[in-house]
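Structure at a glance
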Amino acid sequence: MMRRRLYFLVIFAILLQPLVFASDKVNIIMTHPQNAPYFVGTPERNIDAEEFDTVVLKLRSKTGGTGRLFWATNLDPQMNEPKSIWFFIDRSDYYKEYVFNVKSQNPSWAGYIGQLLFFPENGPEAIEIDSAAAVPGNIGTGLSSAWREFWGPKGRLIEGPAVNNMRALTFWGQPVNFFIYGLIILVGLISFGYFFYLSRKVSLAWQNCGRITILAALTFLALLIVSQLISEYYQFKLDFGRYDFKSLEAKRALTVEMFGRDFYQFLDFCQKNLPEKARVKLLNTNPTGDYPVKRAGYFLYPIDFYAKTVDFILVYSYEKDINAVMKDNPGFRLMKKFNEGAYILWKSR
């Protein structure tokens, strides 16, 4: 009786672990910069990634969709896709908790985290954030994170412009097949031991074990097929809701909307006003690092964004005004304006 009570006490202590750690957290203040398509998260102090391996967002959304959680570290201060988690945002009328065991999902959660960024891909207008915090992980948060990770867009939706970017389904950052193989082997070993215990005959135990193991493998295969069908439905629903019957230009504009509402229109403006093989550089203050340059290079090819010497400077939503930019780049002067915060400079001979 004493052992049984001790056993239940241990189980209760494990389940109570989330409450024990409730006060041991780093609060993150989430703000929405004016006209920005994202929320910026500022921790009340730098987050020790080793100790606080889990991030909890509490939010509600009128539309749902997908979003990304980015972070900047003392090892790499840029916000970029390798340091991000992609997840589904549920449509809800109440605040829901989104739990991410970031360290298990992305090894780039390392060092000290000084800033986070939450980018809802359908825009921030429909999002309301109640709270955000970094906490030490435990069994409860680990299971919640793994479940959301498995049903998340990574491995279910196409990333980027090609299907080659579709990844494997994961649990705690590991391919789900890894766990399935382990379960099949475990079923085989347990069934072999069970039938050997009943019959004391290796051949009979092996025969029955083979049937059970094959049945388990076929069951997991069926579940994976159902999972893939669900993924196809998610992709169709997302594509139709986001692009439906829009024009090609409108669809392209949506793919770079995270860099600014009119970023694609600015690129079109540049293409019309620059020589075909112009050597340029892009100045843009954006938390995603050099991603705007990569996308601009894709849409404006063969304009060269990586030349050592340039003849034109494209400025879009930059932290410095036009006079400061020309002072930093002697010999350049205004060629043409797209608007007050976006323009082209050219190097006078």
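Relevant structure appears above.
So, here is what we can say about the structure in this document.

What counts and what doesn't
- Residues numbered from 1 in each chain as written.
- Predicted model: local features only at pLDDT ≥ 70, side-chain atom pairs only at ≥ 80, totals over all residues.
- Heavy atoms only, no water.
- 1 Å grid on protein atoms, 1.4 Å probe; cavity = no way out; pocket = protein on both sides within 12 Å on 5 of 7 lines; lining within 4 Å.
- Points joined across faces, edges and corners; volume = space filled by probe spheres on them.
- Helix = DSSP H or I, 4+ residues; strand = E, 2+ residues; numbered from the N terminus.
- Patch = residues over 30% accessible without salt bridge, like charges linked within 9 Å, V, L, I, M, F, W, Y side chains within 5 Å.
- Areas by Shrake-Rupley, 256 points an atom, 1.4 Å probe, with all protein chains shown as cover.
- Salt bridge = Lys/Arg side-chain N within 4 Å of Asp/Glu carboxyl O.
- Buried < 20%, exposed > 50% of the residue type's maximum accessible area, 1.4 Å probe, protein only.
- Pairing = 2+ DSSP bridges.

Notes on the layout of surface pockets
A volume near 490 Å³ is recorded for the second largest pocket. Along the walls of the second largest pocket sit 21 residues, with Gly 65, Phe 88, Ile 89, Asp 90 and Lys 237 positioned nearest its centre. For the lining of the second largest pocket, the elements supplying multiple residues, two or more each, are strand 5 (65-73), strand 6 (84-89), strand 7 (96-101), helix 4 (139-150) and helix 6 (202-243). Ranked by residues supplied to the lining of the second largest pocket, first place goes to helix 6 with five residues.

Examining a nonpolar patch on the surface
Taken together, Ile 214, Leu 218, Leu 221, Ile 225 and Leu 229 make up a surface patch of nonpolar side chains, about 510 Å² in accessible area. Along the chain, Ile 225 turns up in helix 6. Assessed through its relative accessible area of 46%, Ile 225 is described here as partly exposed.

A word on the pairing of strand 1 (residues 26-31)
Of the two faces of strand 1, only the one carrying Val 26, Ile 28 and Met 30 is buried; Asn 27, Ile 29 and Thr 31 on the other face are not. Pairing geometry for strand 1 and strand 2 (residues 39-43), over four bridges, is antiparallel. Bridging from a neighbouring strand, Ile 28 pairs with Pro 43 of strand 2.

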